[in-house]
Amino acid sequence: MNARYGFTFKSEEARRPLPPKLIIAQNETETVAHVALKLMAFLLFARERLQVESALHDDSIPFVPDLVQLDYEMRPALWIECGECSLNKLNKLAVKAHEAEIWVVKKNLADAEHLLHTMAREELRRNRYGVIALDPEAFNEVCGLLQPRNVVTWFRGSFEPPQMQFDLNGLWFDCGFTVLKF
């Protein structure tokens, strides 16, 4: 079943402009949680030219990112994976998108720590990856609130300290998250 979730954005934070609207498609193999992860990643990393599931026109990178920002030469500058991501893919991204920041967004700290442990065991390149673990209670609430049409007002977000404040469909969120590096 394919579904589409529309988001109307308003940003109260001057240094984080958001587009007026965004549509995130839920593909057949994806859950609502995956859509929510993409939304949360989009809000946290909001910047000019950030795209959701944009096909790259680069034969050397055979993957479609959950979110990507391309530089002016159409190379990935920021690559974000949400939820499950194979170690093989992460390893290849470190080589093929060698100039890009690579981030993985997980729904909770246990999943993030498991990923880091597995990355260490498989000896992936160090100092190449960032991992974000969301607050599980807030994340589950976001998943339960998603509708075909949604309204998001962004108030504040930062990585230092890791915190975000936003309103989703009339419900206020003030939650932290954990930033891990590998």
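Read on for a plain summary of the structure. Everything quoted here is computed from the prediction, not taken from an experiment.

Residue Glu-160 is joined to Pro-161 through a cis peptide bond whose omega torsion reads -5 degrees. Phi angles above zero are rare outside glycine, and Glu-53 is one such case at about 45 degrees. Tracing the chain through its elements places Glu-53 in the loop between strand S3 (50-52) and strand S4 (67-70). A positive phi angle, close to 50 degrees, is found at Asn-169, a residue other than glycine.

Quick look at the packing of helix H1 (residues 32-44) against helix H4 (residues 136-145) now. Two quantities define a packed helix pair, namely the angle between the helix axes and the distance between the axes. Two numbers describe how H1 lies on H4: the axes approach to 9 Å, and their chain directions differ by 110 degrees. When the axis of H1 is compared with that of H4, the two are roughly perpendicular. Between H1 and H4 lies a crossing whose hand is right-handed. Across from Val-32, Ala-33, Ala-36, Leu-37, Leu-39 and Met-40 in H1, the residues of H4 making contact are Phe-139, Val-142 and Cys-143. For the contact of H1 with H4, the class distribution of residues is 9 nonpolar, no polar and no charged.

In this structure, Asn-108 sits in the loop between strand S6 (101-106) and helix H3 (109-121). Only 3.2 Å separates the side chain of Asn-108 from the backbone nitrogen of Ala-110, close enough to count as a polar contact. Apart from residues no more than four positions distant in its own chain, Asn-108 is found in contact with Ala-133, Leu-134 and Pro-136.

On to H3. Across its 13 residues, H3 extends 18 Å between first and last C-alpha, which sits within 8% of the 18 Å expected from 1.5 Å per residue. Of all the residues in H3, the buried ones are Ala-112, Leu-115, Leu-116, Thr-118 and Met-119. One side of H3 carries all its buried residues, which in axial view fall inside an arc of 165 degrees. When the buried face of H3 is taken as reference, the exposed residues oriented beyond 90 degrees from it are Ala-110, His-114, His-117 and Arg-121. The inward-facing, buried residues of H3 abut helix H2 (87-96), S6, strand S7 (129-134) and strand S10 (171-181). Sitting at the amino-terminal end of H3 is Asn-108, which places a side-chain oxygen 3.2 Å from the backbone nitrogen of Ala-110. Glu-123, located one to two residues past H3, shows a positive phi value of around 60 degrees.

Calculation rules
Residues numbered from 1 in each chain as written. Predicted model: local features only at pLDDT ≥ 70, side-chain atom pairs only at ≥ 80, totals over all residues. Heavy atoms only, no water. Helix = DSSP H or I, 4+ residues; strand = E, 2+ residues; numbered from the N terminus. Axes fitted to C-alpha atoms, helices over the stretch in contact; angles between N-to-C directions. Parallel < 35°, antiparallel > 145°, perpendicular 65-115°, else oblique. Left-handed = near helix turned anticlockwise from the far one by under 90°. Contact = heavy atoms within 4.5 Å. Nonpolar A, V, L, I, M, F, W, Y, C, P; charged D, E, K, R; others polar. Polar contact = N/O pair within 3.5 Å; in protein donor to acceptor, adjacent residues only side chain to side chain. Expected span 1.5 Å × (residues − 1). Buried < 20%, exposed > 50% of the residue type's maximum accessible area, 1.4 Å probe, protein only. Arc of directions from axis to C-beta.

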